[in-house]
Amino acid sequence: MSTPQAKNPGLRPLAEVDPEIAALIRKEEEYESRTLRLIASENYVSRAVLQATGSVLSNKYSEGYPHKRYYEGQVNIDAVEELARTRIATLFGAEHVNVQPYSGSPANLAVYLAFVKPGETIMGLGLPAGGHLTHGWNVSITGKFFKSVPYGVRESDHRIDMDQVRSLALEHRPKLIWCGTTAYPRQIDFAAFRSIADEVGAILAADIAHIAGLVAGGAHPSPVGIADVVTSTTHKTLRGPRGAMILSKKEHASALDRAVFPGLQGGPHNNTTAAIAVAAREASDPSFKTYASQVVENAKALAEALAARGFRLITGGTDNHLLLVDMTPKNIGGKPYAQALERAGIVANYNSIPFDPRKPFDPSGIRLGTPSATSCGMGVAQMEQLAGWMDEVAQNPTDEARIARIAGEVAEVCKAFPPPGILL
């Protein structure tokens with residue numbers, strides 16, 4: 001008797017078609033299940049988000065926007081995109097939403113294309129101070145095509161220097177001001193940025209890629225309605241697929257939509273759009289607010305536990321999901337410490353700190369984030385335990401016997417808090 005797979009080879013499972021890739025995916029599932037993941041930009045998505053991402057919507061090509069496509073056969077795609085836009089608009093209180101950008105960097109490029117001409121002046125938080133490459137840093141296209149005037153943080157407390165922001169804005173009169181960060185553990189004063197932007201006649205863009213889930217869950221102030229345009233990835237704290245979105249006031253809708261398509265890209269990734277819709281629905285559930293507040297509570301608990309063990313926290317603590325730690329007092333660089341932590345089953349990333357005397361590829365600090373652990377159900381008690389392990393590793397990062405013992409203990413804790421979305 002013939003099987004469905006014999007009649008249609010496209011139905012053959014991945015393990016049969018490509019056992020090497022299937023095995024690597026399985027290994028990653030096991031790795032993500034037995035390690036404590038503290039990458040601030042990572043998270044676990046639900047099985048529903050994974051299923052939407054791997055759906056038949058990958059088969060469709062859909063240049064254009066709902067009901068204005070350049071291809072036929074879009075009735076279901078239009079409905080999917082409309083659901084995603086409506087749910088995101090409701091979740092964040094936005095007047096207009098575009099869910100087609102492929103990732104956060106293209107979303108930010110669309111903002112430039114919509115509002116700024118090459119050579120005009122823009123401002124953003126400098127990369128060494130915790131900003132993002134696409135906010136005008138010199139190695140990015142955004143620092144090459146535009147006149148970038150970076151602002152920074154105060155050396156005394158490593159907080160964003162709003163006096164400097166205003167002074168630079170008054171001196172250089174930028175066309176666009178970014179407020180948003182990737183390694184800054186404090187809340188952003190969007191209203192203060194709005195005041196400065198209004199004073200110099202600049203467009204204000206808020207990049208909330210890291211904190212979108214906290215904003216949606218009410219654990220961080222929202223820039224929607226304050227900034228002219230808000231960009232974000234849809235993963236990280238929001239727990240969606242690896243995509244992006246742009247939220248804006250209605251008056252900017254047309255310019256931004258044209259910048260995304262046809263300005264920067266062709267057809268959207270419809271499978272990602274569907275997964276964004278799923279994530280937005282999940283984020284509208286009351287349980288998401290509990291998750292968002294727990295992310296912040298866990299970050300603060302971890303900060304306190306590390307500080308009690310002699311770790312130096314940039315800004316002295318955190319208001320959001322991440323911590324930036326200067327390893328100098330522990331007499332170890334950020335990179336070798338992050339590598340030792342990974343061997344112990346604790347996955348973080350080495351990171352520059354403000355005014356770092358070391359090079360970016362071998363910096364003084366590490367960056368930690370609590371979203372993934374929180375999504376697994378971990379709480380304050382596990383943060384205290386985590387700080388103890390981290391301190392042990394810092395005391396002797398080459399003691400492989402101790403590191404192996406910690407890795408085993410970490411794996412046991414992870415068994416009690418299995419990650420959502422992964423079937424083992």
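Going by the annotation in an unreviewed UniProt entry, the name recorded for the chain is Serine hydroxymethyltransferase, with Chondromyces crocatus given as the source organism. Recorded in UniProt for the chain, the comment headed Cofactor (unreviewed entry) runs: "pyridoxal 5'-phosphate". In UniProt, the chain has this text filed under Catalytic activity (unreviewed entry): "(6R)-5,10-methylene-5,6,7,8-tetrahydrofolate + glycine + H2O = (6S)-5,6,7,8-tetrahydrofolate + L-serine".

> Would you explain the environment of Gly-130 in this entry?
Position of Gly-130 among the secondary structure elements: in the loop between β5 (121-125) and α7 (141-144). When its relative accessible area of 5% is taken as the criterion, Gly-130 is described as buried. Considered as a pair, Gly-130 and Gly-180 are 50 residues apart in the sequence and their alpha carbons are 8.9 Å apart. Discounting chain neighbours no more than four positions away, the residues touching Gly-130 are Leu-125, Thr-181, Thr-182 and Ala-183.

> I keep staring at the domain arrangement of the chain and nothing clicks. Help me out?
How big an interface is tends to be stated in terms of accessible area lost as the parts join. Entries for the chain in the domain assignment read domain 1 (53-284) and domain 2 (291-416). Here domain 1 and domain 2 have C-alpha centroids that lie 29 Å from each other. The partner domain 2 presents 23 residues to the 21 residues of domain 1 that form the contact. Both sides together, the interface formed by domain 1 and domain 2 hides about 1900 Å², and carbon and sulfur atoms give 59% of it. Contact with domain 2 buries area across many residues of domain 1, yet His-158, Pro-185 and Arg-186 alone supply 33% of it, more than any other trio. For the pair domain 1 and domain 2, the number of links is 1 salt bridge. Of the charged contacts in the structure, one is a salt bridge between Arg-186 and Asp-319, with a shortest N-O distance of 2.9 Å. Linking domain 1 with domain 2 are 11 residue pairs in polar contact (both at pLDDT 80 or more), by the criterion used here. Of the residues in the side of domain 1 that touches domain 2, the class split is 8 nonpolar, 7 polar and 6 charged.

> Please clarify how helix α5 (residues 75-92) should be interpreted in this entry.
Three- or four-residue spacings in an α-helix give side chains the same orientation, since the helix completes a turn every 3.6 residues. When the terminal C-alpha atoms of α5 are compared, their 26 Å separation across 18 residues agrees well with the 26 Å that a helix rising 1.5 Å per residue should span. Lining the buried residues of α5 we find β2 (64-65), β3 (68-69), β4 (96-98), α10 (212-216), β10 (244-248) and α12 (270-283). The positive-phi residue at the C-terminal boundary of α5 is Gly-93, with phi of around 70 degrees.

> Hey, could you run me through the packing of aromatic side chains in this one?
When we look at a pair of aromatic rings, we describe it by the centre distance and by the angle of the planes. For the structure on display, the rule yields 9 aromatic pairs. Measuring from ring centre to ring centre gives 6.4 Å for Tyr-65 and Phe-261, while their planes differ by 75 degrees; the resulting arrangement is edge-to-face. Of this pair, Tyr-65 sits in strand β2 while Phe-261 sits in helix α11 (residues 253-264), placing them 196 residues apart in sequence. Exposure remark for Phe-261: the relative accessible area of 11% places this residue in the buried category. Three or more aromatic residues joined by ring pairs make a cluster, and in this case those are Tyr-65, Tyr-70 and Phe-261. Lying across the ring of Tyr-291, Arg-239 places its NZ or CZ 3.7 Å from the centre. The ring of Phe-311 carries Lys-330 above its face, with NZ or CZ at 4.5 Å from the centroid.

> Just to check I follow, could you spell out the UniProt feature "binding site: (6S)-5,6,7,8-tetrahydrofolate" (unreviewed entry) in the chain for this structure?
Under the local residue numbering, the UniProt record ascribes the feature "binding site: (6S)-5,6,7,8-tetrahydrofolate" (unreviewed entry) to Leu-127, Gly-131, His-132 and Leu-133. Among the structural elements, Leu-127 can be located in the loop between β5 and α7. Residue Leu-127 is classed as partly exposed on the basis of its relative accessible area of 33%. When residues no more than four places from it in sequence are discounted, the contact partners of Leu-127 are His-132, Leu-133 and Trp-137. Residue placement: His-132 occurs in the loop between β5 and α7. Beyond its immediate sequence surroundings of up to four residues, His-132 is in contact with Ser-105, Asn-108, Leu-125, Leu-127 and Thr-182.

> Could you clarify how one ought to interpret the pairing of strand β8 (residues 203-207) in this entry?
Each regular strand shows side chains that alternate between the opposite faces of the sheet. Summarising burial for β8: 5 of the 5 residues are buried, a large majority. By the alternation rule, side chains of β8 split into Ile-203, Ala-205 and Asp-207 and Leu-204 and Ala-206, which are all buried. Two strands pair when backbone bridges link them, and strand β7 (residues 176-180) and β8 are joined in this way by 5 bridges, in the parallel orientation. Residue pairing across strands places Gly-180 opposite Asp-207, the latter belonging to β8.

Basis of the calculations
- Residues numbered from 1 in each chain as written.
- Predicted model: local features only at pLDDT ≥ 70, side-chain atom pairs only at ≥ 80, totals over all residues.
- Heavy atoms only, no water.
- UniProt positions renumbered as here; feature names shortened; annotations may be inferred.
- Helix = DSSP H or I, 4+ residues; strand = E, 2+ residues; numbered from the N terminus.
- Buried < 20%, exposed > 50% of the residue type's maximum accessible area, 1.4 Å probe, protein only.
- Contact = heavy atoms within 4.5 Å.
- Domains from an automatic or database assignment.
- Buried area = accessible area lost by both parts, 1.4 Å probe.
- Salt bridge = Lys/Arg side-chain N within 4 Å of Asp/Glu carboxyl O.
- Polar contact = N/O pair within 3.5 Å; in protein donor to acceptor, adjacent residues only side chain to side chain.
- Nonpolar A, V, L, I, M, F, W, Y, C, P; charged D, E, K, R; others polar.
- Expected span 1.5 Å × (residues − 1).
- Phe/Tyr/Trp six-rings, centres within 6.5 Å; stacked < 30°, edge-to-face > 60°.
- Lys NZ or Arg CZ within 6 Å of the ring centre and 35° of its normal.
- Pairing = 2+ DSSP bridges.

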